[in-house]
Amino acid sequence: MKIYIDGKYYAKANAKISVFDHGLLYGDGVFEGIRAYHGRVFKLREHVERLFCSAKAILLDIPMTREEITRAVLDTCRRNRIRDGYVRLVVTRGVGTLGLDPKRCERPSIIIIAGTIQLYPEELYKKGMPLVTVATTRNISNALNPAIKSLNYLNNILAKIEASNAGCQEGIMMNSEGFVAECTGDNIFIVKGKQLLTPPLSAGALYGITRGVVMDLARLQGLEVGEPNLTRYDLYNADECFITGTAAEVVPIISIDARVIGTGKPGSATRKLIAAYHALTKTEGEAI
Ligand code: PXG
């Protein structure tokens, strides 16, 4: 495995950054998780754009252009002979002092890891997954905006621990007003009649790339797509439910807090969207 750090490639054992990097000391940095399918990197432009938006929000000046980052991601995939895999793109604030001040950090570091991915078992997509809601509230936007894909993921990790303790692989987080925000590493959708609904970004959701793709596919399939505030009641009484994310893709949800969703089996709209998503990953993306 060859890992990219600041323009150079290192073997896994030698791919290291300083203990004084504020990415480690304070979670001060931003990241992206990206998939490669069939020798192409899926939605690379969108991921690079979101990385720059996250960086801008934390006043971090990435010392490379969008084009340079794009080329570096593709080159890292090439050097690792990745055709199907997962890319982790990280920008840290860089080496600084033990104080908080990011101005004292020398230069942001850019890290690209291109590897394989631990996928959910195929069976899960056919049978569906149970979910629980968790007590940990999603970060409020005025504190740490969930739109920023920052290296500080403790809010999500605390929620993930709760879900895991309850025997679930994902958990649903509410915002401080009690509306549904998103899952710990995935966006959430419900189907109600002809409508496909997902929480608005203002409810505390990440602007998910998969979320956007699925909304476009749903419109093509004749669904009305909306982004209203949703409550737990809305989830429990949905016809269908699914979650989306780069790693998970589209996973059907069959129960939430022990309430059976719809028929208790993946619904027809969900299955159609899973098929359409797979078809897209077969044909789209930047060639490695
Ligand atoms: N919400 C959050 C909080 C995320 O971290 C998504 C939604 C889905 O976004 P995309 O753009 O991927 O459709 C994410 C995705 C994991 C994991 O292990 C998930 C993410 C990052 C790293 C790991 O589940 N982010």
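Residues numbered from 1 in each chain as written. Predicted model: local features only at pLDDT ≥ 70, side-chain atom pairs only at ≥ 80, totals over all residues. Heavy atoms only, no water.

Chemist: Go over a nonpolar patch on the surface with me, naming the residues and quoting the values.
Modeler: On the surface, a nonpolar cluster with roughly 690 Å² of combined accessible area is contributed by Val19, Phe20, Leu24, Leu25, Tyr26, Leu98 and Leu100. Its place among the elements puts Leu24 in helix H1 (residues 22-26). (Patch = residues over 30% accessible without salt bridge, like charges linked within 9 Å, V, L, I, M, F, W, Y side chains within 5 Å. Areas by Shrake-Rupley, 256 points an atom, 1.4 Å probe, with all protein chains shown as cover. Salt bridge = Lys/Arg side-chain N within 4 Å of Asp/Glu carboxyl O. Helix = DSSP H or I, 4+ residues; strand = E, 2+ residues; numbered from the N terminus.)

Chemist: Report on the site of the ligand, specifying residues and quantitative values.
Modeler: Residues in close proximity to the ligand total 20 residues, the closest being Lys149, Tyr153, Glu182, Thr210 and Thr246. One of the side-chain N or O atoms of Thr210 is found 2.6 Å from an oxygen atom in the ligand. The contact in question runs from an oxygen atom of the ligand to an N or O atom on the side chain of Thr246, over 2.5 Å. In the complex, the protein chains occlude 83% of the 550 Å² of accessible area that the ligand would expose alone. Elements supplying a minimum of two residues to the shell around the ligand: strand S5 (85-92), helix H6 (209-220) and strand S13 (240-245). The class makeup of the residues in the shell around the ligand is 5 nonpolar, 9 polar and 6 charged. Two domains each provide a minimum of three residues to the shell around the ligand, namely domain 1 (2-115) and domain 2 (122-281). (Near = heavy atom within 4 Å. Polar contact = N/O pair within 3.5 Å; in protein donor to acceptor, adjacent residues only side chain to side chain. Nonpolar A, V, L, I, M, F, W, Y, C, P; charged D, E, K, R; others polar. Domains from an automatic or database assignment.)

Chemist: Quick one: what's the story with the packing of aromatic side chains, residue by residue and with numbers?
Modeler: For the coordinates displayed, the defined rule picks out 5 aromatic pairs. Ring geometry for Tyr4 against Tyr9: centres 5.6 Å apart, planes inclined by 75°, an arrangement best described as edge-to-face. On the basis of relative accessible area, Tyr4 is assigned to the buried category, the value being 7%. The interplanar angle of 90° and the centroid separation of 5.7 Å between the aromatic rings of Tyr37 and Phe42 together place this pair among those described as edge-to-face. Residue Phe42 is classed as buried on the basis of its relative accessible area of 5%. (Phe/Tyr/Trp six-rings, centres within 6.5 Å; stacked < 30°, edge-to-face > 60°. Buried < 20%, exposed > 50% of the residue type's maximum accessible area, 1.4 Å probe, protein only.)

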